[in-house]
Amino acid sequence: MTSSEDIHKMFTSDPIHFKSLVNNLVEVETKGGPLSTGILFTIDPVSETVVLLTQTGESLKVNLIPSHNVKNIKVVEATNVAKIPDNLFKEDWAKHMSEEEIEKKRHALKDWLTKNTIPIVESDKLLKLEDVLTIEPPYGPDQCSSNNEIVLSKIQELIKSMPV
């Protein structure tokens, strides 16, 4: 028989309660620290890390509070915030890359695909596999487009496996 100390807190936590806190304005009381206030984006169900969002000017600040530091979470206001968009953290990272970095990435990807016997050709700033697939800057798996789902998924997986 296992004691309660052997059971991971993931199995004793209340995920329904965690979900009820999401998208509300909350105060997180921390052990030995100040109160943190913000919109609760999520609570990781395994580690119970709290993810708070606070608006600073035109951008959002993300505050991660590890569970071992959380003393209490209190809803300050049921904000009825519209669902936070899924693409919130999928910022267009290409706008933070220089032309030189994008070009370097294009050449590295072309070399990687060629090494894996994919006959890729450059056309302006695009990488193309015949008329079947196109890869746009910044040349990640999400920038691949094709009408052939099998080719698309194979190339995306190959790009994901490319060494950094």
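In this text, all values refer to a predicted model and were calculated from it rather than measured experimentally.

Cut-offs applied
The residue numbering used here restarts from 1 in each chain and proceeds along that chain's sequence as written. Thresholds applied to this predicted model are a pLDDT of at least 70 for local features of residues and 80 or more for the giving and counting of side-chain atom pairs; totals over whole chains, interfaces and linings are not thresholded and use all residues. Think of the side-chain values as coming from all heavy atoms in the structure, minus any hydrogens and water. By this definition, two strands are paired if DSSP reports at least two bridges between them. Each helix is a run of H or I in the DSSP string that is no shorter than four residues. Each strand is a run of E no shorter than two, and both are numbered from the N terminus. Whenever a helix is involved, its axis is fitted only over the stretch in contact; in every case the axis is a line through C-alpha atoms, and angles between N-to-C directions fall within 0 to 180 degrees. Between buried and exposed lies partly exposed: a residue is buried under 20% and exposed over 50% of the maximum accessible area for its type, with that area taken using a 1.4 Å probe on protein chains only. What pLDDT expresses is the predictor's confidence in each residue, scored from 0 to 100. Whether two residues are in contact is decided by their heavy atoms, any of which lying within 4.5 Å being enough.

K.L.:
Quick one: what's the story with the sheet that holds strand β1 (residues 25-30), residue by residue and with numbers?
P.N.:
Hydrogen bonds along the backbone pair up the strands of a sheet, which may run parallel or antiparallel. Taken in spatial order, the 5 strands line up as β4-β3-β2-β1-β5 in an open sheet, and their pairing is antiparallel. The outermost strands of the open sheet, each flanked by one partner alone, are β4 (59-65) and β5 (70-77). With direction set aside, neighbouring strand axes in the sheet form an average angle of 45°. In this structure, strand β3 (residues 50-56) lies alongside β4, joined through 7 bridges in antiparallel fashion. When the sheet's bridge partners are listed, Gln55 is paired in β4 with Leu60.

K.L.:
Just give me the short version of the environment of Pro66, but keep the residues and values in it.
P.N.:
Inspection of the secondary structure puts Pro66 in the loop between β4 and β5. In this structure Pro66 comes out as partly exposed when scored by relative accessible area, which is 34%. Through-space distance from the C-alpha of Pro66 to that of Glu48 is 7.0 Å; in sequence the pair is 18 residues apart.

K.L.:
Let's hear about the pairing of strand β7 (residues 126-129): which residues, and what values?
P.N.:
Only one face of β7 is buried, namely the one carrying Leu127 and Leu129, since none of Leu126 and Lys128 on the opposite face is buried. With antiparallel pairing between neighbouring strands as the criterion, strand β6 (residues 121-123) and β7 make up a hairpin whose turn holds 2 residues, including Asp124 at a positive phi of roughly 60°. As defined by bridge partners, β7 adjoins strand β8 (residues 133-135) across 3 bridges and the pair is classed as antiparallel. In the sheet register, Lys128 faces β8, and the bridge partner there is Thr134. Once β7 ends, the chain turns through 3 residues before running back antiparallel as β8, passing Glu130 with a positive phi of about 50°.

K.L.:
Could you give an account of the confidence of the model for the protein chain, naming the residues involved and the relevant values?
P.N.:
Mean pLDDT over the protein chain: 84, with 84% of residues reaching 70 or higher. Mean pLDDT values for the elements of the protein chain range from 83 in helix α1 (residues 15-21) up to 97 in β8.

K.L.:
Describe the sheet that holds strand β9 (residues 144-146), listing the residues and the values that go with them.
P.N.:
Strand order in the open sheet formed by 4 strands is β6-β7-β8-β9, with antiparallel pairing between adjacent strands. Here the strands that pair on one side only, and so sit at the sheet edges, are β6 and β9. Neighbour-to-neighbour, the strand axes of this sheet turn through a mean angle of 30°, independent of strand direction. Where β6 meets β7, 3 bridges bridge the pair, whose relative direction is antiparallel. Residue pairing across strands places Ser123 opposite Leu126, the latter belonging to β7. The strands touched by helix α3 (residues 149-160) within the sheet are β7, β8 and β9, with β9 carrying the most contacts at an inclination of about 165°.

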